[in-house]
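# Topology and contacts: notes
Each chain is listed here by its residues.
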Amino acid sequence: MMKKFYIETFGCQMNAHDSEKVIGTLLARGYEQTETPAEADLLLYNTCSIRDKAEQKVFHRLDQFKREHKGKTFGVLGCVAQQEGEKIFDRAPHVDLVCGSASYNKLPEMLIQLESGAKRVTGLSLDTDETFETPLTRRDNPYRAFLTIIEGCDKSCAYCVVPFTRGPERSRTSDSVLRESFELSSMGYTEIMLLGQNVNSYRDPSPAGLDFAALLRAVGQVPGIRRVRFTTSHPRDFQKDIIDAIGENESLCNHVHLPVQSGSSEVLARMLRQYTRDEYMRRIDWMKNAKRDIAITTDIIVGFPGETDKDFEATLRLLDEVQFESMFSFKYSKRPNTPALQYEDHLPEEEKQRRLLILQEKQRQIQIRRNAAYVGQVHEVLVETFNSATQQWVGKTSQHKPLNFTHVSQGPEAALQGTYLPVRVTRAGPNSLVGESLQ
Ligand code: 5AD
Ligand code: SF4
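A short tour of the structure in this document, coming up. (Residues numbered from 1 in each chain as written. Chains lettered and ligands numbered in written order. Predicted model: local features only at pLDDT ≥ 70, side-chain atom pairs only at ≥ 80, totals over all residues. Heavy atoms only, no water.)

## Looking at the pairing of strand 3 (residues 42-47)
- Among the six residues in strand 3, six count as buried, and that is most of the element.
- On strand 3, burial covers both faces: Leu42, Leu44 and Asn46 on one face and Leu43, Tyr45 and Thr47 on the other are all buried.
- As judged from the five bridges shared by strand 1 (residues 4-9) and strand 3, these two strands associate in the parallel manner. Each residue of the ladder has a partner; that of Tyr6, found in strand 3, is Leu43.
- In the sheet, strand 3 pairs with strand 4 (residues 73-77) via five bridges, with the strands oriented parallel. In the strand pairing of strand 4, Leu44 is matched with Gly75.
- Between the parallel pair strand 3 and strand 4, the chain is carried across by helix 2 (residues 54-68), and the sense of this crossover is right-handed. (Buried < 20%, exposed > 50% of the residue type's maximum accessible area, 1.4 Å probe, protein only. Helix = DSSP H or I, 4+ residues; strand = E, 2+ residues; numbered from the N terminus. Pairing = 2+ DSSP bridges. Right-handed = clockwise from strand over helix to strand, strands pointing away.)

Rendered as C-alpha cells:
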C-alpha cells in the first residue's frame, strides 16, 4: 500500500489553503508527506488556471512526472482539474485521479479507491451546496492561519474561469467559522486570514444570518486573535459597514484589497463587473474618510478586448486619483468557456505588453511617493523570519506592508518569529520599508 505523498501547489491563497486541508486529510489516513517527488508513491498537483497557458504548463509537468516517476500514482487537483476534467486522462493516461475543489470532501473515499488500485478516479461535480470543512487541516504557518468562509463564485465576470472551476457560492455557517477561530486562537495563532473568492458576498446559512461585516466583527472579538484580514472583496457587494467595523476594532487589519480591474466604465460593463467607475470611487471615498488609515490595494487587467487608448487612460487616471498602496496587474488572457472569448477586438500581445509597462511604471512612482511618507512613523510588525543575507528581520504591518528591520538581537537565534514589535521606519523603497525595532 502506498503511504508517502508529495504535493505541489499553484495559484491563490484559496488553493494554498485547500492544499493544507488535503494534506491534513492524507496525514489522518496514515500517509506521510515528503519534500521531494522521488520519495513519494502518490504525487499530487494542485493547479491554477487563472491566466496564460496554465493547461499547457500542467501537462508539461505531468509529462515530467511520468518520465521521472514511472509507475507511481498521480493526481491532478484544483482549477485545471475541474476545467479539463476527464480530458486529462486522454492527454496524460498515467494520471489516476482528477479532482476539483468542489469535491475535496469526497477525498477520503477517493483515496480508498486509489489504494485498491482503481484507475481514472474523478471528483468533478460542481453541483454542490457543501463546503470543504475539516478539523484535520495541516497549516504551514504557525502564526497566520487561513480560514475559508465562502467557496465558489456567482459573479461570472466575462474574463474569469473561477465560476467554472470552483462552482457556485457556498457560505459556511458563522458557528463553524467562529468555532474554528477560537480553536486557532487556543492553538497559538494570532492572525487569521478569512478567505473566499468573494468574501463580502458571505451570507450565513444558519438562522443567525450574519452578513460579512457582522462575521468580521465577531472574528475580530475572538480573544487572542490580534489581526484579522480578508481577501478577496468584490466592489459590487462591498458595503460601508465593513469600513465601519475596521474603524471600530483595532484587531481588524486596516487593509482592503479591492480589485477594480479597469478605470473605464465602458470596459467594466463589458467585463460584466456590475459596477461603474463612480461606484468604485464611492467605496474609495468611504475608505479615505474612515477613522483609521486604510491601505487600499487592487488588481488591474490591461488590454481587455475592445479596450481603447481612452479606456486605458481612464485606468491611468484612476491610479492617480486613488493612489493605491500596491497593485497586481495582468495582461488580459483568453480563458476557456468565458464570455470574453467571443468578444471582438482582441488586442495584439505587443499592445497589451506596452500598456502593462506604462501602468506598472505609473504605480511604481506612486508607491515611491507613498512609501516615502512612512519614514519616521512607528508601525507594529508581526515578525515572520530573519533574512540572513540582509541581516534584517522581516515582517508585515497591519496594512500588510513588508517592513524589514534591525533589532538589538540580530541573528535567527533570537527567535522573534511570531512576536509583535513596534518598528520605526527609517527608509522606504517602492515595494517595502526599512526600519529599526523600538523594543
Ligand atoms: N486575464 C488576465 N487577468 C485575469 N485575472 C482573472 N482572470 C484573468 C484573465 N482572464 C486577474 C484579475 C483577478 C486576478 C486574481 O487575476 O485581475 O482579480
Ligand atoms: Fe487559480 Fe483562480 Fe483557481 Fe485560485 S481560484 S487557483 S487563482 S484559477
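## Looking at helix 1 (residues 13-28)
- Along its 16 residues, helix 1 runs 23 Å from first to last C-alpha, staying within 8% of the 22 Å computed at 1.5 Å per residue.
- Most of helix 1 sits out of view: 12 of its 16 residues are buried.
- Along helix 1, the residues that are buried comprise Met14, Asn15, His17, Asp18, Ser19, Glu20, Lys21, Val22, Ile23, Gly24, Thr25 and Leu26.
- Immediately beyond the C-terminal end of helix 1, within one or two residues, lies Gly30, with a positive phi of roughly 95°. (Expected span 1.5 Å × (residues − 1).)

## A few points about unusual backbone geometry
- With an omega dihedral of 0°, the bond running from Thr231 to Thr232 counts as a cis peptide bond.
- Here Thr232 shows up in the loop between strand 11 (227-231) and helix 9 (240-248).
- Its identity as a non-glycine residue notwithstanding, Gln323 has a phi of 60°, on the positive side.
- Looking at the secondary structure, you find Gln323 in the loop between helix 12 (309-322) and strand 14 (326-331).
- Although it is not a glycine, Gln391 sits at a positive phi angle of roughly 60°.
- Here Gln391 shows up in the loop between strand 15 (378-387) and strand 16 (392-397).
- Overall, the relative accessible area of 40% leaves Gln391 in the partly exposed class.

## A closer look at the sheet that holds strand 7 (residues 144-148)
- Taken in spatial order, the three strands of this open sheet run 7-10-11, and their pairing is parallel. Unpaired on one side and paired on the other, strand 7 and strand 11 mark the two borders of the sheet. Each strand of the sheet is rotated relative to its neighbour by a mean of 25°, with strand direction disregarded.
- Here strand 7 runs beside strand 10 (residues 191-195); their pairing, made up of five bridges, is parallel. From the neighbouring strand, Ala145 faces strand 10, where its bridge partner is Ile192.
- Packed on one face of the sheet, helix 1 meets strand 7, strand 10 and strand 11 and runs near 95° to strand 7.
- Helix-sheet contacts for helix 7 (residues 174-186) involve strand 7 and strand 10, and the interaxial angle to strand 7 is about 170°. (Axes fitted to C-alpha atoms, helices over the stretch in contact; angles between N-to-C directions. Contact = heavy atoms within 4.5 Å.)

## Quick look at the packing of helix 12 against helix 13 (residues 349-372)
- The geometry of helix 12 relative to helix 13 is characterised by a closest axis approach of 10 Å and an angle of 15° between their N-to-C directions. By the angle class used here, helix 12 and helix 13 are roughly parallel. With respect to the hand of their crossing, helix 12 and helix 13 are arranged in right-handed fashion. Where helix 12 abuts helix 13, its residues Asp309, Phe312, Thr315, Leu316, Leu319 and Asp320 lie against Glu351, Arg354, Arg355, Ile358, Leu359, Lys362, Gln363 and Ile366.
- Among the residues forming the contact of helix 12 with helix 13, the class breakdown is six nonpolar, two polar and six charged. (Parallel < 35°, antiparallel > 145°, perpendicular 65-115°, else oblique. Left-handed = near helix turned anticlockwise from the far one by under 90°. Nonpolar A, V, L, I, M, F, W, Y, C, P; charged D, E, K, R; others polar.)

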